[in-house]
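Per-entry structural report
So the chains spell out like this:
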Amino acid sequence: MNALGLADIQRALAFYRDILGLDETQWYGENAVFLLAGGYHHHIGLNTWESLGGSSPPAGTTGLYHSAIVYPTRADLAEAVHRVLSAGLPLDGAADHGVSESVYLRDPDENGVELYWDKPESMWPRTSDGKLAMYARPLDLEEVLAQFCPNMRPDTGPRDL
């Protein structure tokens, strides 16, 4: 579970719940909320206990590199990426790691977020002696988005038909 200190809980909910598609499970007072994906009791806790109205740490400082949210299928990841792009949010990158496909972006407080799905183990790359051989290659976002919306291109939004 990730617990993130944020400057504005409603702004964070608009991102994590409304754009990324996580489900709200429970509030803890007025300054914390727990979110889940896929039925687990909670994957992320958002709070403003020590950070209400705060600013993001400057680049090049220590701290959380990114939180990672796993989607159960490629189509679920595609749907989340579609919502991100439809909201006009920029992506930091996208990669095929052999075992998973990942999309990287920032939340409203500039925290790094990885959205990904795990490929079936039968698709994982292996060396000749059977060891895992992960890599980082460019991800074809157009192909991923086709899982959810065949007429969507990541560079221009919906295609004219």
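Residues numbered from 1 in each chain as written. Predicted model: local features only at pLDDT ≥ 70, side-chain atom pairs only at ≥ 80, totals over all residues. Heavy atoms only, no water.

**What about the sheet that holds strand β1 (residues 2–5)?**
- With mixed pairing, 4 strands are arranged side by side in an open sheet as β1-β4-β3-β2. The strands lining the two open edges of the sheet, one partner per strand, are β1 and β2 (23–27). Going from strand to strand, the sheet's axes swing by 25° on average, the running direction of each strand aside.
- Judged from the 4 bridges that link them, β2 and strand β3 (residues 32–36) form a sheet pairing that is antiparallel. (Pairing = 2+ DSSP bridges. Helix = DSSP H or I, 4+ residues; strand = E, 2+ residues; numbered from the N terminus. Axes fitted to C-alpha atoms, helices over the stretch in contact; angles between N-to-C directions.)

**Here's the deal with the sheet that holds strand β5 (residues 67–70)**
- Taken in spatial order, the 5 strands of this open sheet run β5-β8-β7-β6-β9, and their pairing is mixed. Two strands lie at the open edges of the sheet, namely β5 and β9 (137–138), each paired on one side alone.
- Bridging between strand β6 (residues 91–96) and β9 involves 2 bridges; their strand directions are antiparallel. Residue D96 lies in a different strand from β9, and its bridge partner there is R137.
- This element, helix α2 (residues 74–86), spans β6, β7 (100–106) and β8 (112–118) of the sheet and lies at about 150° to β8. (Contact = heavy atoms within 4.5 Å.)

**Notes on the nonpolar core**
- Ranked by internal contacts, the top residues of the largest apolar core, which has 31 residues, are Y16, L20, L46, I69, V113 and L115.
- Among the secondary structure elements, those contributing two or more residues to this core are α1 (9–19), β3, β4 (44–47), α2, β7, β8 and α3 (141–145).
- Excluding its chain neighbours within four sequence positions, the residues that come into contact with I69 are Y16, L20, L22, V113, E114, L115 and Y116. (Core = buried A, V, L, I, M, F, W, Y, C linked by side-chain atoms within 4.5 Å. Buried < 20%, exposed > 50% of the residue type's maximum accessible area, 1.4 Å probe, protein only.)

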